Each structure stands twice: as C-alpha cells, then as structure tokens.
Amino acid sequence: KIKIEYEKILDNNSFIKESVPFQYTDRYPWKVGIELTTRCNFKCRHCYAKSLNTIDPSYDNVIQIINKLFDAGVVWLWFTGGECTLRKDFLDIYTYAKEKGFIVAILTNGSLITDEIISEFKKYPPLIVKISQYGTSEETYKSITGSKNNFYSFIEGLERLLNNNINVAIQSVIILENQHEINQMREFCGNLNIQQNIKTT
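Position numbers for residues count from 1 along each chain, tracking the sequence in the order it is written. Totals for whole chains, interfaces and linings use all residues, but because this is a predicted model, local features are given only for residues with pLDDT of at least 70 and pairs of side-chain atoms are given and counted only at 80 or more. Based on all heavy atoms of the structure, the side-chain values leave hydrogens and waters out of the count.

## Describing the side chain of Glu83
Helix and strand assignments come from DSSP, with helices taken as H or I runs of at least 4 residues and strands as E runs of at least 2, each series counted from the N terminus. With respect to the helices and strands, the residue Glu83 is situated in the loop between strand 2 (76-80) and helix 4 (90-100). Here Glu83 is buried and forms no salt bridge, its nearest opposite-charge partner Arg39 lying at an N-O distance of 10 Å. What qualifies as a polar contact is a pair of N or O atoms within 3.5 Å, subject to a donor-acceptor requirement within protein and to the restriction that residues adjacent in sequence count only when both atoms come from side chains. One polar contact links Glu83 to Thr108, side chain to side chain, over a distance of 2.7 Å. Residues are treated as being in contact if the distance between any of their heavy atoms lies within 4.5 Å. Those residues within four positions of Glu83 in sequence are excluded, and the remaining contacts are Thr37, Arg39, Cys40, Asn41, Thr108, Asn109 and Leu112. Buried, partly exposed and exposed residues are distinguished by accessible area as a fraction of the type maximum, computed with a 1.4 Å probe on protein chains only: under 20%, between the cut-offs, and over 50%, respectively. Under this rule, positive means Lys or Arg and negative means Asp or Glu; His and the chain ends count for nothing. Within this document, salt bridges are pairs made up of a side-chain nitrogen of Lys or Arg and a carboxyl oxygen of Asp or Glu, the two lying within 4 Å of each other.

## Some details on the side chain of Thr145
Relative to the helices and strands, Thr145 is located in helix 6 (residues 138-145). When its relative accessible area of 1% is taken as the criterion, Thr145 is described as buried. At 2.6 Å, the side chain of Thr145 and the backbone oxygen of Tyr141 are in polar contact. Here the side chain of Thr145 touches Ser147 through a polar contact of 3.5 Å, landing on its backbone oxygen.

## Observations concerning the environment of Lys130
Here Lys130 lies in strand 4 (residues 128-133). The spacing of Lys130 and Gln195 is 65 residues in sequence and 9.4 Å in space, taken between C-alpha atoms. Not counting residues within four places of it along the chain, the set of residues in contact with Lys130 comprises Trp78, Ile106, Leu107, Thr108, Ala169, Gln171 and Asn197.

Quick look at the structure:
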C-alpha cells in the first residue's frame, strides 16, 4: 500500500521525478510532520502555540531528526509551526531535506513568503504549500489574528506563490469569529481555482 501511494505521488507530480533522487524501498513509516517552532507572527485567539514558551530546536537538532527519519524510512515531511517560515534558518532546513531526497510540504500562514523563499521553492519545488486562511476581510483578520495587516500579508504571500507556479492549497480555519465568511472563503478559493480544505476548531 505504501509503495502504491508513493508511486502515485510520483506519477502525478513530474517535478518530483525530476528533483527527488530518492528511490523507493520497503521502509516504514513514510510521512511525518515536524513542528519547527511554536513562535508565530500572528496572535490567533484560537491557537494553542501562543501559550507555549518553548525554545526552537537548534538547526543541528532538526538536521539530526531529519537524518533519523530518513534512516527510519520516511519519504514525506510536513514542516509546520507556529509559523515555520519565521525561523531564520528555515530555508537551510528546507533545502537540506530536499537535497536529502524527501518530498516536502509546508503549512504556513503565508505572510512571510519572501522572494528568497520563492527562489528556493522554484529550485526545489515543495509538494504543496498549504496556507491557513482566517477570513476574507481585514476586520476578520484583525479579530482573529490580532492585526488587519495580516490579511494583506496573507494575500501578498498567496499571490507571490501563485505567480511563480508553486503548488498551493488553502486551509480555511473556521471558528465562531469568521463563520459568517464561510461562503466568501469558498468563493475566494473558487475564483482562484485553489484546492480548499475546511478545518473547524
């Protein structure tokens, strides 16, 4: 079953065939998420991470974990947070994982997608960048994330990814404060022809 799923991923994503040197073997487990940080530039009222006061694992520790996961047979990594792109060494970690041969996906709020990140994503494409969405207006973003400016940085990050043909999906996070915008969020994703996943908390 694992082999079939892995080969299906390769068949549906030609860029993985071209960029990932990993050859399938009968190893297990195959998919793991790594929380690179609990820090975030958003202050979402529903998020558990904001109450944590933890220190980010060091770069060396993260690399050690990645190496152990590779030895254990993992082929697919999710990088998440907090906001994983907040780490100054995020691209170093990402590039290491890609050069190691992993399929890599990113979960982000989209607000810190820089030209430097785009350049590296174009060189080593992620399987997907899944962006959390908290509404379709600056008022709702201010209510949930703490600042209306977060709405515009979300839009800018999303547009930067789409304009550079990076594979994107939207994870619409539904809570009491934004449930009135569910239809608008569906319409937003539909207009951009982006896959939408709805998550309730």
